Amino acid sequence: MDRDTFIKGVRENRNQMYVIALSILKNPEDAEDIVQQALLTAYEKLDALKEDDKFRSWMMSIVVNEAKMYIRKNSRMVYMEDMEAVVERAREGRNGEDDVWELVLLLKKELSTVVILYYGQGYRVNEISKIMRIPPGTVKSRLAKARALLKKRLEES
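The structure presented is a predicted model; accordingly, all values stated were derived computationally and were not measured. (Residues numbered from 1 in each chain as written. Predicted model: local features only at pLDDT ≥ 70, side-chain atom pairs only at ≥ 80, totals over all residues. Heavy atoms only, no water.)

## Examining the confidence of the model for the protein chain
Logical step 1: With 83% of its residues at a pLDDT of 70 or more, the protein chain shows a mean pLDDT of 82.
Logical step 2: The weakest mean pLDDT in the protein chain belongs to helix H4 (residues 83-90) at 47; the strongest belongs to helix H2 (residues 28-44) at 94.
Logical step 3: Note on residues 76-87: pLDDT under 50 across the span, and 22 contacts to partners over four residues away in sequence or across chains. (pLDDT = per-residue confidence, 0-100. Helix = DSSP H or I, 4+ residues; strand = E, 2+ residues; numbered from the N terminus. Contact = heavy atoms within 4.5 Å.)

Put into structure tokens, the structure is as follows:
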């Protein structure tokens, strides 16, 4: 992949990278930092990407890994106090689904990440499995658990 193709891919996927990082970290500033770090890592390892059409899933995988490394290094994470700012940035372009996306962001990070990747970004179970480096069955069970929790919370409100 050449430099121009890399830049084009980054421009096309930057918002998705941010949403994924945000779903894991729950903090806008940390999410922005992780996206920047993931971009540096990806650019340094650009030779490892053999097929240009795999850029999107490869990049998302790097974002997830960078976010996980950040959490491991900073085990005492401080979560954002004002959830409204997070929700506003994460739901750009969404209509009438605000309550659901707010609830999604309140789920545990492993649940919110699969929901955002599946419903928000349109990835299939096998793609999410590769991005998150977990078995497809785990993706399916997390989706099922997230759906059940969301249904329960929506019925309560």
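Further notes follow.
## A word on the packing of helix H1 (residues 3-25) against helix H6 (residues 109-120)
Logical step 1: At a minimum axis separation of 8 Å, H1 and H6 run at an interaxial angle of 160 degrees. Classified by the angle between their axes, H1 and H6 sit roughly antiparallel to one another. For the crossing formed where H1 meets H6, the hand is right-handed. Contacts from Val 19, Ile 20, Ser 23 and Ile 24 in H1 reach Lys 109, Ser 112, Thr 113, Ile 116 and Leu 117 in H6.
Logical step 2: Grouping the constituent residues of the contact of H1 with H6 by class yields five nonpolar, three polar and one charged. (Axes fitted to C-alpha atoms, helices over the stretch in contact; angles between N-to-C directions. Parallel < 35°, antiparallel > 145°, perpendicular 65-115°, else oblique. Left-handed = near helix turned anticlockwise from the far one by under 90°. Nonpolar A, V, L, I, M, F, W, Y, C, P; charged D, E, K, R; others polar.)

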